[in-house]
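# Secondary and tertiary structure notes
Chain residues, written in single-letter form:
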Amino acid sequence: MNRRPIIAGNWKMNTSLDEALALARGVREQTESVDSIERVLIPPFPWILAVHGEVSGSGITVGAQNCYMEQSGAFTGEVSPAMLAPHCSYVVLGHSERRHVLGETDDQVAAKVTAAHSSGLSVILCVGETLEEREAGRAEQIVSQQLRAGLGNVSWGMTQSIVIAYEPVWAIGTGVAASTQDAQDMAAFVRSTLANVFDQKTANSVRIQYGGSVKGDNAAELLGCPDVDGALVGGASLNADDFGEIIRAAAAQVN
Ligand code: PEP
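As a starting point, this report considers the structure included with it. (Residues numbered from 1 in each chain as written. Predicted model: local features only at pLDDT ≥ 70, side-chain atom pairs only at ≥ 80, totals over all residues. Heavy atoms only, no water.)

## Looking at the overall build of the protein
Rules: Put simply, DSSP H or I for four residues or longer makes a helix, DSSP E for two residues or longer makes a strand, and each gets a number counted from the N terminus. We take the radius of gyration over the C-alpha atoms and set the globule estimate at 2.2 Å times the residue count to the 0.38 power. The contact criterion used is simple: two residues touch if any of their non-hydrogen atoms lie within 4.5 Å. In short, Shrake-Rupley with a 1.4 Å probe defines the accessible areas, and a residue's cover is counted only from the protein chains shown.
Regarding its fold elements, the protein presents eleven helices and eight strands. The C-alpha atoms of the protein give a radius of gyration of 17 Å, which matches the 18 Å a tight globule of 255 residues would have. Structurally, the protein occupies a C-alpha span of about 45 × 45 × 35 Å along its principal axes. Here the contacts in the protein between residues at least 6 apart in sequence split such that 73% fall between residues at least 24 apart. On the protein, roughly 10700 Å² of surface is accessible, and the fraction owed to carbon and sulfur atoms is 50%.

This is the structure in structure tokens:
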């Protein structure tokens, strides 16, 4: 199955407007001719419009880091999928920082996935276990639970607008990436869970990213795993040279 690799940079709550624009410009320049890779920049909400303008015509698209599960109304401080859809192609849902720092539940993630889809946004659905859960031998159980819950309202026809990001919490922002064996094993486990939830053909068509301390120097081996179809990158996406190196590492595997 030919799955186009997808490299997405989650800037989290970082960058000033000037830094965001310079970063977007830098990534654009660094990856001008890399059409084989889907490239997504995910800035903080207030910079989405400006970054969208900066990358226009480059093939790079823009994503949001979160959205609410309603399209409008009295929800002070929230941003709806309908508001994002004209400017974004993706929304990240269920990121570990939202689950573990901000207390987001599986049910909320599932409702957001549905709302995002109904506005035409594709979803990067994040799943992953904590160190404690891994050490207790519960990594697969947690990932299966997050996946099944997050995809609870997803019908077969919606699966092409879903990307799964396997992000072990212990690897995010720590500088310690999963080994290629662990990344491949869990990506394969995600794919087999998708086959159980949908069917094997669908599972083979869904892209699975690895996320957690991906850098220029480990990207090639992580992206070389047969079930890993891209990366969700935090820290290294804040530097255009580093992010460009990761994108080129992905492109080298395709060419
Ligand atoms: C992330 O936040 O999704 C992430 C993978 O961060 P980092 O690359 O910094 O580990």
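## Remarks on the sheet that holds strand β3 (residues 61-64)
For clarity, the cut-off: The rule for pairing is simple: two strands pair if DSSP sees at least two bridges between them. A fitted line through C-alpha atoms represents every axis, and for helices the fit uses only the stretch in contact; the resulting angles, taken between N-to-C directions, go from 0 to 180 degrees.
Read around the closed barrel, the eight strands follow the order β1-β2-β3-β4-β5-β6-β7-β8; overall the barrel is parallel. Strand-to-strand twist in this sheet, taken as the mean axis angle between neighbours without regard to direction, amounts to 25°. In the sheet, strand β2 (residues 38-42) pairs with β3 via two bridges, with the strands oriented parallel. Its bridge partner being in β3, Leu-41 is matched across the sheet by Val-62.

## Remarks on helix α11 (residues 240-254)
Stated formally: Every helix has an expected span of 1.5 Å times one less than the residues it contains. As used in this structure description, the phrase polar contact means that two N or O atoms lie within 3.5 Å; if the pair is within protein, one of them must be able to donate a hydrogen and the other to accept it, and residues adjacent in sequence are counted only when both atoms belong to side chains.
In this model, α11 (15 residues) spans 21 Å end to end at C-alpha, consistent with the 21 Å of a helix rising 1.5 Å per residue. If you follow the buried residues of α11, they end up packed against β1 (6-10), α1 (17-30), β2, α10 (216-223) and β8 (230-233). With a side-chain oxygen positioned 2.9 Å from the backbone nitrogen of Asp-241, the residue opening α11 is Asn-239.

## Observations concerning empty space enclosed by the protein
We apply this condition: In this analysis, the protein atoms alone were mapped onto a 1 Å grid. Cavities are point sets where a 1.4 Å probe fits without being able to get out; pockets are open sets with protein on both sides within 12 Å along at least five of seven lines; lining residues have an atom within 4 Å of a point. Grid points are joined across faces, edges and corners, and a volume is the space filled by probe spheres set on the points. Residues are grouped as follows: nonpolar covers Ala, Val, Leu, Ile, Met, Phe, Trp, Tyr, Cys and Pro; charged covers Asp, Glu, Lys and Arg; every other residue, Gly included, is treated as polar.
As enumerated under the stated definition, the model contains one cavity of 30 Å³ or more in all. The calculated volume of the largest cavity comes to roughly 40 Å³. In terms of lining residues, the largest cavity is bounded by Gly-94, Ser-96, Arg-99, Cys-126, Val-127, Gly-128, Gln-146, Glu-167 and Val-169. Where the lining of the largest cavity is concerned, the elements lending two or more residues are α4 (96-101) and β5 (122-127). Among the residues making up the lining of the largest cavity, the classes are represented as three nonpolar, four polar and two charged.

## Considering the site of the ligand
What counts here: Only heavy atoms are used to decide nearness, and a residue is near a molecule or strand if one of them lies within 4 Å of it.
Neighbouring the ligand are 14 residues, the closest being Lys-12, Glu-167, Gly-173, Ser-213 and Gly-234. Within the contact set of the ligand, an oxygen atom lies 2.9 Å away from a side-chain nitrogen or oxygen of His-95. Contact distances for the ligand include 2.7 Å between an oxygen atom and a backbone N or O atom of Ser-213. In the complex, 97% of the free accessible area of the ligand, which totals 290 Å², lies under the protein chains. Residue classes in the shell around the ligand are distributed as four nonpolar, eight polar and two charged.

## Regarding the pairing of strand β7 (residues 207-211)
Put simply, the rule is: Relative accessibility thresholds used throughout: buried, under 20% of the residue-type maximum; exposed, over 50%; partly exposed, between the two (1.4 Å probe, protein chains only). Crossover handedness is defined here as right-handed if the route from the first strand over the helix to the second strand goes clockwise, with the strands pointing away from the viewer.
Across the five residues of β7, five count as buried, placing the element largely inside the fold. Here β7 shows two buried faces, one formed by Arg-207, Gln-209 and Gly-211 and the other by Ile-208 and Tyr-210. Bridging between strand β6 (residues 162-166) and β7 involves four bridges; their strand directions are parallel. From the neighbouring strand, Tyr-166 faces β7, where its bridge partner is Tyr-210. In this sheet, β8 lies alongside β7 in parallel orientation, the contact comprising two bridges. Directly across from Gly-211, in β8, lies its bridge partner Leu-232. Tracing the backbone out of β7, into α10 and back to the parallel element β8 gives a crossover that is right-handed.

## Side note on the packing of helix α7 (residues 139-150) against helix α8 (residues 180-197)
Applied cut-off: We call two directions roughly parallel when the angle between them is under 35 degrees, roughly antiparallel when it is over 145, roughly perpendicular when it lies between 65 and 115, and oblique otherwise. Here a crossing is taken to be left-handed if its near helix is turned anticlockwise relative to the far helix by less than a right angle, and right-handed if that turn runs clockwise.
Contact geometry of α7 with α8 gives a least axis separation of 10 Å together with a crossing angle of 45°. If you check the angle between α7 and α8, you find them oblique. The two elements α7 and α8 meet at a crossing, and its hand is right-handed. Residue-level inspection shows Ala-139, Glu-140, Val-143, Ser-144, Leu-147 and Arg-148 of α7 in contact with α8, the latter providing Met-186, Phe-189, Val-190, Thr-193, Asn-196 and Val-197. Considering only residue class, the contact of α7 with α8 consists of seven nonpolar, three polar and two charged.

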